[in-house]
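Per-entry structural report
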Amino acid sequence: MKIAIIGQGYVGLTISAFASKLHEVIGFDNNPATVANLNAGKSHIEGVDSSQIASAIASGRYRATSNVADISEAEIVVIAVPTPLTKERKPDLTFIESACKSIGENLKNPALIINESTSFPGTVRNYIKPLVEKYSKKPLNHLYAISPERVDPGRVDWDQKNTPRLYAGLTPEASVKTREFYSTFCDNLIEVSSPEVAEAAKLFENTFRQVNIALVNEFAEIAHALGISVHETLDAANTKPYGFMKFNPSAGVGGHCIPVDPTYLAFVAAQQGVPATFIERANEVNLEMPKYIVSRVTADNGGSLKGKKVQVIGVSYKPNVADTRETPAEIVIEELKAMGAEVTWHDPVVKYWQGCNSSDLGGSEIAIVVTLHDVMDKSGVTKSAPYVFDTTGKLSGVKGL
Ligand SMILES: NC(=O)c1ccc[n+]([C@@H]2O[C@H](COP(=O)([O-])OP(=O)(O)OC[C@H]3O[C@@H](n4cnc5c(N)ncnc54)[C@H](O)[C@@H]3O)[C@@H](O)[C@H]2O)c1
């Protein structure tokens, strides 16, 4: 089949890599630099090796493009564009709208249009379908479906093949064709009764994580105040074989999903007049963690950070990925600067961020470990400053959460 995948980021490129094993895939991205790199056989995301892209290109079944007309013959179109928040922290569907415009204006034949971008219930039915129709030059009876993406960048045990995938079409025919497509590279497909259920399930999965992360972060503060180890307490609770799931405290949440998706759910809840109190409180608790960490570091260092050299170690939002979107490290750095500290950052995976290169490890009086990548030498990090505060719970013999 001829597949067009709109957006060649974490989600779109991952799908492209799998789908191009069998299908003819056009990866459309409006960033020409991304397209040039991909066509040179270079992957820009963790989880997809450059060798996979190079061999897909060599097989003749994959090509990246920034020329939207190249999607015109597609039989299936997968939407994988960002769904961030606006400055007012409301759902921002402008990327989806622009993808719908590209689809509407360019497809020549009826196709199956599947949304993989995360959004609120009703997006496929009330937003994507009307927009594609609005931009289409002539009426084409496209089919519409949703199959929310569950990729966890950097993870190797769960991938496109073995991660169960939810899906639902707007019509029975759309459901059947969606199943046919994904069953070519995914082992476990679960149909739900409507696109709204699939869309809501995706949001709830990430809200579950967001709320539990906030709960454990709040508990970290309580445990410290009680003078007990949060990690030992969590390990003890985790010996219960049922009814408990362990989450670890951290500097907060980051990436494109956990800090964003729950707000999409809160948005539709508010539209229905239902308060989403857990989501709002969880957001607050997670966003307050950097301040709490800086307050702990300040207290341990004579009550002031003014003029002190502080290095933040690990600035991506989670280990082993270079993704710095919504990273809590950014707020930690802002808080430190507000306290008058001289701040540097070190991250061998991110390398370049906010216009600066990663500093060498060490050379500061204080180090705060926000993210610990596997490539980092733990003992080097532990010895990188006279005072080290670890937010990850992975270092021993230093201060921390
Ligand atoms: N990253 C994840 O782990 C993950 C997991 C599950 C779901 N999601 C969801 O998947 C969607 C995509 O996320 P991502 O992480 O892949 O984003 P990303 O930023 O990594 O990639 C998006 C790509 O889309 C391109 N793009 C933007 N607008 C475009 C347009 N109109 N036409 C063509 N290309 C366009 C961008 O240049 C970029 O390369 C989001 O809704 C996200 O919430 C992400």
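Residues numbered from 1 in each chain as written. Predicted model: local features only at pLDDT ≥ 70, side-chain atom pairs only at ≥ 80, totals over all residues. Heavy atoms only, no water.

1. Looking at the packing of helix α10 (residues 277–300) against helix α11 (residues 328–338)
In helix packing, the relevant descriptors are the interaxial angle and the interaxial distance, both defined with respect to the helix axes. In contact at an axis separation of 9 Å, α10 and α11 are set at 45° when each is read in the N-to-C sense. As far as their axial angle goes, α11 and α10 are oblique. The handedness of the crossing between α10 and α11 is right-handed. Where α10 approaches α11, its residues Leu-287, Pro-290, Lys-291 and Val-294 are matched on the opposing element by Pro-328, Ile-331, Val-332, Glu-335 and Leu-336. Residues of the contact of α10 with α11, tallied by class, amount to 7 nonpolar, no polar and 2 charged. (Axes fitted to C-alpha atoms, helices over the stretch in contact; angles between N-to-C directions. Helix = DSSP H or I, 4+ residues; strand = E, 2+ residues; numbered from the N terminus. Parallel < 35°, antiparallel > 145°, perpendicular 65-115°, else oblique. Left-handed = near helix turned anticlockwise from the far one by under 90°. Contact = heavy atoms within 4.5 Å. Nonpolar A, V, L, I, M, F, W, Y, C, P; charged D, E, K, R; others polar.)

2. Some words on the packing of aromatic side chains
According to the stated counting rule, one finds 8 aromatic pairs in the structure shown. Seen from their ring centres, Phe-18 and Phe-185 are 6.3 Å apart, and the 40° between their planes marks the pair as tilted. With Phe-18 in helix α1 (residues 10–19) and Phe-185 in the loop between α6 (172–182) and β8 (189–191), the pair connects residues that are 167 residues apart, well separated along the chain. With respect to class, Phe-18 is no different from Phe-185; both count as buried. (Phe/Tyr/Trp six-rings, centres within 6.5 Å; stacked < 30°, edge-to-face > 60°. Buried < 20%, exposed > 50% of the residue type's maximum accessible area, 1.4 Å probe, protein only.)

3. Observations concerning the site of the ligand
Around the ligand, the surrounding shell holds 26 residues, and the nearest of these are Val-11, Asp-29, Thr-83, Ser-98 and Thr-118. Residue Tyr-10 places a main-chain N or O atom 3.0 Å away from an oxygen atom belonging to the ligand. Between the ligand and Val-81, the relevant distance is 3.4 Å, taken from an oxygen atom to a main-chain nitrogen or oxygen of the residue. Protein contact buries 91% of the 830 Å² of open area that the ligand shows by itself. Listed by contribution, the elements that provide at least two residues to the shell around the ligand are α1 and α4 (94–106). Per-element tally for the shell around the ligand: the top contributor is α4, with 3 residues. Grouping the constituent residues of the shell around the ligand by class yields 12 nonpolar, 10 polar and 4 charged. (Near = heavy atom within 4 Å. Polar contact = N/O pair within 3.5 Å; in protein donor to acceptor, adjacent residues only side chain to side chain. Areas by Shrake-Rupley, 256 points an atom, 1.4 Å probe, with all protein chains shown as cover.)

4. Thoughts on the sheet that holds strand β9 (residues 309–313)
One open sheet holds the 5 strands; their spatial order is β10-β9-β13-β14-β15, and the pairing between them is parallel. In this open sheet, the two edge strands, each paired with only one partner strand, are β10 (342–346) and β15 (399–400). Contacting β13 (366–369), β14 (387–390) and β15, α10 crosses the sheet at an angle of about 155° to β14. Relative to the sheet, α11 contacts β9, β10 and β13, its axis offset from that of β9 by approximately 175°. (Pairing = 2+ DSSP bridges.)

5. Some points on the sheet that holds β8
Here 8 strands make up an open sheet; going across it, the order is β3-β2-β1-β4-β5-β6-β7-β8 and the pairing mixed. Two strands in the sheet have a free side with no partner beyond their single neighbour: β3 (62–65) and β8. When strand polarity is set aside, the average angle formed by the axes of neighbouring strands in this sheet is 25°.

6. Section: the packing of helix α7 (residues 195–226) against helix α8 (residues 230–237)
Contact pair α7 / α8: the axes reach a minimum separation of 9 Å and the direction vectors enclose 120°. Considered as vectors, α7 and α8 are oriented oblique to each other. Here Val-216, Phe-219, Ala-220 and Ala-223 of α7 come into contact with α8, specifically with Val-230, Thr-233 and Leu-234. Tallied by class, residues from the contact of α7 with α8 come to 6 nonpolar, 1 polar and no charged.

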